[in-house]
Amino acid sequence: MIDTMPNESVITFSQKIEKLITNMELVIQGKRPQIKQVITCLLAKGHILMEDNPGTGKTVLARTLAGSIAGEGSADAIFKRIQFTPDLLPMDLLGTHVFDDVRKEFIFKKGPLFCNILLADEINRASPKVQSALLECMAEHQITMGENTYALEKLFFAIATQNPIEMEGTYPLPSAQLDRFFMKVYFGYVEEETEIAIYKSYIQIQQHLEKIKQVLSMQDILDLQEEAELVFVHDEIIQSVSNLVRATRAHEGISVGASTRSGITFIKCLKANALVNGRSFVIEDDMQEIAVAVLDHRLVYKNKEARQTVLKQLLSREMDRLSKLKLH
Amino acid sequence: MKTIKHISSLRFLAQIVFLLLPTSLIVFFALWNSNQYFSVLQEQWKTLGIYFSVGMLLAFFIYQFRLRFIPSFCVLIFLLFSGYKILDNYAIGEFDSFFITIQYLSFAYLFCVGWVCGWGLQRIRFFPILLSSVLLLICIIIISKTGLLTVSKLLQYLTPVVLYSVYIVYTTEALRNKEKADRRFWYLFTGRLILFCALLGMLFGGIVYLLYPEIQDRVEEYGGQGKEGENQMLQTKKDGTVENKESMGLGSSNNRNKNPEPLFCAHIENYLPGTEIPNPLYLTSFHFTKYDSLTETFERDTNFVYNDEFVPDPSKLLLYSTYVDSSKMKYAFGAKNKRTVEVEIYKKRLSKTAFIAPSTAFFVQPITVEKAYQKEFSSAYRSKSYVSDLNSAYFIYNSEDPAIRHFQEQRFEVLRKAKGYEDIDQRFMQYYTQFPSDGKYAPIKLLADSIAMHKQSTIDKILGVRDYFLQRNALGEKVFAYSDNPGIPGLPSASKLTYFLFESKKGYCAYYAGATVFLLRSMHIPCRVVTGFLTVDRSDKNKGWYWFYEDQSHGWVQVYFPEYGWIDFDTTVGNDDAQQSPTPDGTPPLQPPKPLLAMSAKIISVDTLRKLAEIHMQHMLYKDVEYTQLDENISVDVQVATIWKDSLQVPIQSLHKGDDVMLVSFAEKLKSFKPEKTAKELLSKFPTPVPIDEVYFLDLKKEEKKKALEKPTIERPFTYYIRTAFGVLLLLFICIFTIPFWTFTYFKYRMKSSKDSKQKAYYAYKAATFLLHQLQVARLQTTPLQYAQQIVDRRFGTQYSAFMIVFLKAKYANQLLNEADKQVIHSFYAPFQKKVKFHFKPFTRFVKFLNLNTFIHYFLLPPPEQNSKL
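Remember, predicted model here, so these are calculated numbers, not experimental data. (Residues numbered from 1 in each chain as written. Chains lettered and ligands numbered in written order. Predicted model: local features only at pLDDT ≥ 70, side-chain atom pairs only at ≥ 80, totals over all residues. Heavy atoms only, no water.)

Caption draft 1: The arrangement of the overall build of chain A in detail. Assigned secondary structure in chain A consists of 13 helices and 11 strands. By residue count, 53% of the 328 residues in chain A fall in the buried class. Sequence-distant contacts in chain A: of pairs separated by 6 or more residues, those separated by 24 or more amount to 76%. (Helix = DSSP H or I, 4+ residues; strand = E, 2+ residues; numbered from the N terminus. Buried < 20%, exposed > 50% of the residue type's maximum accessible area, 1.4 Å probe, protein only. Contact = heavy atoms within 4.5 Å.)

Written out as structure tokens, the structure reads:
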């Protein structure tokens, strides 16, 4: 039967994803939704921006993810981390031409961007020049230096973090550049019980982080990314995405609504999210889970109140519409 | 969340019971009251009340939700208006369209008013205050329209409205403040309400009880006798016809309607003995024997047995049938100078039910109006009265006419010789000389004594009263004058009669008659007031014919003389303005020949060729002698007969076996016989077949049907309509409140009947969500799958999420369902419902299924962008 085919493949893929999540949860406790969102971004071939107070586990999450995929071998993913500071130059990211004494020519010394998983820590502390260089690379998947163009790795996943409270000495990302991130995830504090559990077992967690096992190969990730593209999206879901995106443009509380590119990104993320949840089709729950993360940072609100309510309202309207639909 | 919803439904129910129900009742009451004074309402107060209640209920219900009043009301108005336009265009027939339009308009108005009330009660905090003030205003208008206001009537109108006003304001506030209602909500609230109502009732009752005398004074002062401009003698009935009032009040004015249309026309063959001067037979309607000092009204009294009143309803008698009753006449006529006078009355604007005749009547027979006059005269009857030759009420009027004067003198002479009252029954004397002992009438007694001084005979005392009214002052001016606007005394509690007699000295007939009765009764002369019409000889063009107009309604006095009976005396002084015929008298109708023989019978057979008929006779009248309960078969000759069906002449062929007919004969052949003791004897003498001149169809069945139709509408008591309205409301409530149940059943039915698995899954999902929604298992902000996983399955231990996964697959995926999925769908619902129901008590489930609020929210889409103002 035809219909069972994707199902079976989905089962094997979802097992792999489940393995990845379980592995990450050894280190990151009580953050399953965030882990899932990160993986969703990874599978949607996008990049993620994480924002929250220091010490909530952003960096640890990125490291864990990298550790779960990256390894020592040549076929394994390479993980790089850059700490963004105000004096960071684009060169420090992209790499630079250096003079080779032996060959008597300039050769290109690859920067840290040539990796599979990049953790760009505290991205908003770097100068706009650096930020835009990074974001351009994320969008283009290639680096142009002078006359030469260098392609990035096939699997290139950037995890950027930023601290909201450090207003002084920061260069906030312009909204046009925020658009390059598929999702913006608010990390948040864990619940009390989890927090106590973390305190009790911080030593083990530390050990886990140090000895994190690689559970998936890079090829697995690439396969999963391809599989995510095959997830089925019902027309009504697409309709809802369109409704939601268009509603943001027409809403009085929003000065700049979501673009068409946002819609495409949204659908990509929905597919990936469905796969992360072990499904070969998108349902309304996928929308509920990622809509805010995907759309919120793309919108320019007129005031604070709108920021807190508008998107949720629009979303809940679409959710209600979907839940009441009769589809067949 | 859950509890708040629960309370809101409870509050809604409480609002319906405690706010809407009393409001409906009070509106019913107000409509019922106003119905008595505004014929616009056309006896439809109950229908109108239902319109109002429905409008109010609907609005109350609808405005719970986020609806703006002005747009929604505009939509309502628009709908009603388009309905009106449609009706206007499609109703067939002019009359129908008019009737339906009126109906519709009254519906629309009342519905809108109800709508506004419902909205106000739902949304506006101070609306009850407005509502009760409007109701009070209406109540006051009704009271001001009331002609004869008494304290009991005042209280009857005012009490419900006042009580309602206080009640509604209190209850609204109490309900509003009951934020945190719990299970004992009903118990506490009802208890408090009952206590409040009891206190209110006691307070109101106490005030009324303590202040009763003062209220009474005020009512006497301002309520008095009707309003300015009201005709004190006549009343206009709903069909536009006119008849004498059943009470005669002393008003501040008497509006004599100068309607130029005559009321009726009478043929009276009665002249003063030996002259061509018409004996002024005053036509009597009612006798007023009692005086109500509270309202200063003369009233009828049927308690006294021998009151000589003969008040039949001519409209209820069959054509040509007679009604004779002299059982109440004991004192009506003496042995001396007695005579029978026949009068024929042809009614124009006079009510069909009214009966007027010279005093004292004992016989009535409806007669036909000749065809040519049927448009002008609605009905006619013939009556007979016993009158005395001495009875001539020209007492003050026309007293300068020498012929009358001469006759009057003769009459007084005869009456002077009449016997005294010594032998008369004490009860009779007591009854007809009763006099209010109220102190304010004491001056009248003194006046009577001064008039009666040195006068021996009754007639001299009466003449003394006449002379008192006719007295002139030193300048030769008349002291007493006629006025239709006598005004009211300055002192509120004073009697209008004493005011008339001693101060204003002007008034209309009721004042003169009333004063005369008071004076005579204080002289111990039995007398009474009668009302009716006064004949005036206006022209001698048509001898014996008299025309009566509205301004000829009159009241005068009858005095009892032993041996002579009741004699009319009219003490009203001449009115120079009145007695002028507004229009020249019309042509009197052609008198139908007096039937010799009238028979009501059933037809047995008809021979249309020879024009003979066999009839079964039940009732016969020959030369005014009646034979009843007959069982005779005779044959009649209808060769020359004209046959009438309603007002149409029909051929003989339309006579059929079994028809009920009235046969009338004027034939010469029958003239020679004398009435016999039994009908059989008489019939044996008649020629056979009996010649018949006129045949009238008696549509007995139609009459019965009419009665059957009329009966229920007339005899339904007030409570019936309350019950009907209540029943309709109840039915409506039941219908509305079972809607959730039927919806649920529908989903389950569709689920069971679907063949397609996807369809089945959909309806199973619908039924499940509906059940959970109605049981108020809050979904909060979760998606259906999260709801199933996190809330439902955890709470009830069901397999809802397993089902939901399959359902979502069916809904969104492009794959077919496999066998395992189908199995999940099939086996999902029954155990699910069982488990869910297990968690709720049956009664809780029942109550929650009645909750319409929840029900509606199930279907509502989320409110459109709430913060659109941002």
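Read on for the rest.
Caption draft 2: Spatial organisation of the overall build of chain B. Within chain B, the secondary structure is distributed over 23 helices and 27 strands. Looking at the 870 residues of chain B, the share that counts as buried comes to 51%. Counting only contacts in chain B whose residues sit at least 6 apart along the sequence, the fraction spanning at least 24 positions is 73%. Here chain B has roughly 42,800 Å² of accessible surface; of this, 59% comes from carbon and sulfur atoms. (Areas by Shrake-Rupley, 256 points an atom, 1.4 Å probe, with all protein chains shown as cover.)

Caption draft 3: Spatial organisation of the sheet that holds strand β9 (residues 338-347) of chain B. All names here are of chain B. The six strands lie next to each other as β8-β11-β12-β9-β4-β16, forming an open sheet whose pairing is antiparallel. In the strand order of this sheet, the two ends are held by β8 (323-324) and β16 (545-548), each with one partner. Two elements, β9 and strand β12 (residues 379-388), share 10 bridges in a ladder whose sense is antiparallel. Bridging across to β12, Ile345 finds its partner in Tyr381. (Pairing = 2+ DSSP bridges.)

Caption draft 4: Region of the structure containing helix α11 (residues 458-470) of chain B. Residues and elements named next belong to chain B. Over its 13 residues, α11 extends 18 Å from the first C-alpha to the last, a length consistent with the 18 Å expected when each residue adds 1.5 Å. Burial of α11 is extensive: 10 of the 13 residues sit out of reach of the surface. Among the structural elements, α8 (402-416), α10 (442-452), α12 (496-504), α13 (509-522), β17 (553-561) and β18 (565-569) are those in contact with the buried residues of α11. (Expected span 1.5 Å × (residues − 1).)

Caption draft 5: Looking closely at the interface of chain B and chain A. In this complex, chain B contributes 33 residues to the contact, which on the side of chain A involves 33 residues. Inspection of the chain B/chain A interface yields zero salt bridges. For the pair chain B and chain A, the interface holds six residue pairs in polar contact (both at pLDDT 80 or more). Broken down by secondary-structure element, the contributors of at least two residues to the side of chain B that touches chain A are α18 (757-774), α19 (784-796), α20 (800-812) and α23 (852-859) of chain B. Its residues placed into classes, the side of chain B that touches chain A shows 17 nonpolar, 10 polar and six charged. (Salt bridge = Lys/Arg side-chain N within 4 Å of Asp/Glu carboxyl O. Polar contact = N/O pair within 3.5 Å; in protein donor to acceptor, adjacent residues only side chain to side chain. Nonpolar A, V, L, I, M, F, W, Y, C, P; charged D, E, K, R; others polar.)

Caption draft 6: Representation of the packing of helix α17 (residues 739-753) of chain B against α18(B) in the model. Residues and elements named next belong to chain B. At a minimum axis separation of 7 Å, α17 and α18 run at an interaxial angle of 155 degrees. Relative to α18, the element α17 lies roughly antiparallel. Every pair of crossing elements has a handedness; the one defined by α17 and α18 is left-handed. Here Pro740, Thr743, Phe744, Tyr746, Phe747, Lys748, Arg750, Met751 and Lys752 of α17 lie close against α18, whose contacting residues are Gln759, Lys760, Tyr763, Ala764, Lys766, Ala767, Phe770, Leu771 and Gln774. Residue composition of the contact of α17 with α18, by class: 10 nonpolar, three polar and five charged. (Axes fitted to C-alpha atoms, helices over the stretch in contact; angles between N-to-C directions. Parallel < 35°, antiparallel > 145°, perpendicular 65-115°, else oblique. Left-handed = near helix turned anticlockwise from the far one by under 90°.)

Caption draft 7: Examining the sheet that holds strand β10 (residues 357-358) of chain B more closely. Residues and elements named next belong to chain B. Reading across the sheet, the five strands line up as β10-β5-β15-β17-β18 and stay open at both edges, with antiparallel pairing between neighbours. The sheet is open, and its two borders are formed by β10 and β18, each paired with just one other strand. With five bridges joining them, strand β5 (residues 283-288) and strand β15 (residues 527-533) adopt antiparallel strand pairing. In the strand pairing of β15, Phe286 is matched with Thr531. Across the sheet, α11 is in contact with β17 and β18; its angle to β17 comes to roughly 150 degrees.

Caption draft 8: Representation of the pairing of strand β6 (residues 142-145) of chain A in the model. All names here are of chain A. What you see with β6 is a clean split: Ile143 and Met145 sit on the buried side and Gln142 and Thr144 on the side with no burial. With four bridges connecting them, β6 and strand β7 (residues 148-151) associate as antiparallel partners. Residue Ile143 lies in a different strand from β7, and its bridge partner there is Tyr150. Turn length for the β6-β7 hairpin, with the two strands adjacent in sequence and antiparallel, is two residues, and the turn residue Gly146 shows positive phi of about 60 degrees.

Caption draft 9: Representation of the nonpolar core within the structure. Ranked by size, the top nonpolar core spans 161 residues in total, and within it Ile159(A), Phe266(A), Tyr800(B), Phe803(B) and Phe832(B) carry the most contacts. Beyond its immediate chain neighbours, meaning those up to four positions away, Phe832(B) contacts Ala768(B), Leu771(B), Leu772(B), Val792(B), Thr798(B) and Tyr800(B). Core analysis: the second largest hydrophobic core is formed by 57 residues, Phe286(B), Ile424(B), Tyr431(B) and Ile525(B) among them. (Core = buried A, V, L, I, M, F, W, Y, C linked by side-chain atoms within 4.5 Å.)

Caption draft 10: Quick peek at the packing of helix α2 (residues 45-62) of chain B against helix α16 (residues 718-737) of chain B. Residues and elements named next belong to chain B. With their axes 11 Å apart at the nearest point, α2 and α16 run at an angle of 30 degrees to one another. Here α16 runs roughly parallel to α2, going by the angle between their axes. Once α2 is placed against α16, the crossing between them reads as right-handed. Seen from α2, the contacting residues are Trp45, Lys46, Ile50, Ser53 and Leu57; seen from α16, they are Phe718, Tyr721, Ala725, Leu729, Leu732 and Phe733.

Caption draft 11: Seen up close, the pairing of β12(B). Residue and element names in this part refer to chain B. Judged by how many residues are buried, β12 sits mostly within the fold: nine of 10 residues are covered. Bridge analysis of strand β11 (residues 361-367) against β12 gives six bridges, and the strand direction is antiparallel. By the bridge assignment, Ile367 is partnered in β12 with Ala380.

Caption draft 12: View of the confidence of the model for chain A. Residue and element names in this part refer to chain A. Considering every residue of chain A, the mean pLDDT works out to 84; 93% of them sit at 70 or more. The least confident element of chain A, judged by mean pLDDT, is helix α1 (residues 4-25) at 75; the most confident is helix α11 (residues 260-276) at 92. Throughout residues 1-6 the model reports pLDDT below 50, and contacts reaching past four residues in sequence, or to other chains, amount to two contacts. (pLDDT = per-residue confidence, 0-100.)

Caption draft 13: Local environment of the state of the cysteines. All names here are of chain A. Using the criterion set out here, one finds zero disulfides over all chains in the structure. Not part of a disulfide, Cys269 finds its nearest cysteine sulfur in Cys41, a span of 5.1 Å. Among the residues examined, Cys269 registers a relative accessible area of 0% and is labelled buried. (Disulfide = S-S within 2.5 Å.)

Caption draft 14: View of the packing of aromatic side chains. Residues and elements named next belong to chain B. The tally for this structure, following the rule as stated, stands at 60 aromatic pairs over all chains. For the pair Tyr432 and Trp566, a centre-to-centre distance of 4.8 Å together with 65 degrees between the ring planes defines the contact as edge-to-face. One end of the pair, Tyr432, is in helix α9 (residues 426-432); the other, Trp566, is in strand β18, and 134 residues separate them in sequence. Accessibility classification places Tyr432 together with Trp566 in one group, the buried group. (Phe/Tyr/Trp six-rings, centres within 6.5 Å; stacked < 30°, edge-to-face > 60°.)

Caption draft 15: Layout of the side chain of Glu122(A). Residue placement: Glu122(A) occurs in the loop between β5 (117-121) and α5 (128-140). Reaching out from Glu122(A), the side chain makes a polar contact with the side chain of Gln83(A) at a distance of 2.6 Å.

Caption draft 16: Inspection of the pattern of salt bridges at higher detail. Under the criterion given, the structure shown has 22 salt bridges over all chains. For Asp467(B), the salt bridge identified is with Arg466(B), shortest N-O distance 3.4 Å.

Caption draft 17: Structural view of a nonpolar patch on the surface. A grouping of Leu203(B), Ile207(B), Tyr209(B), Leu210(B) and Leu211(B) is seen on the molecular surface, where their side chains present a nonpolar patch of about 580 Å² in accessible area. Tracing the sequence through the fold places Leu211(B) in helix α7 (residues 185-223). (Patch = residues over 30% accessible without salt bridge, like charges linked within 9 Å, V, L, I, M, F, W, Y side chains within 5 Å.)

Caption draft 18: Inspection of the side chain of Thr56(A) at higher detail. Residue and element names in this part refer to chain A. Tracing the backbone shows Thr56 in the loop between β1 (48-51) and α3 (58-69). Taking relative accessible area as the criterion, Thr56 reaches 12% and is therefore assigned buried. Sequence-distant contacts of Thr56, defined by excluding residues within four places in its chain, comprise Lys31, Phe187, Gly188 and Tyr189.

Caption draft 19: Inspection of the confidence of the model for chain B at higher detail. Residues and elements named next belong to chain B. For chain B, per-residue confidence averages 77 on the pLDDT scale, and residues scoring 70 or more make up 82% of the total. At the level of individual helices and strands, chain B shows its lowest average pLDDT in helix α15 (residues 700-715), which scores 53, and its highest in α17, which scores 90. Every residue in residues 1-5 is under pLDDT 50, and counting partners more than four places away or in other chains gives five contacts.

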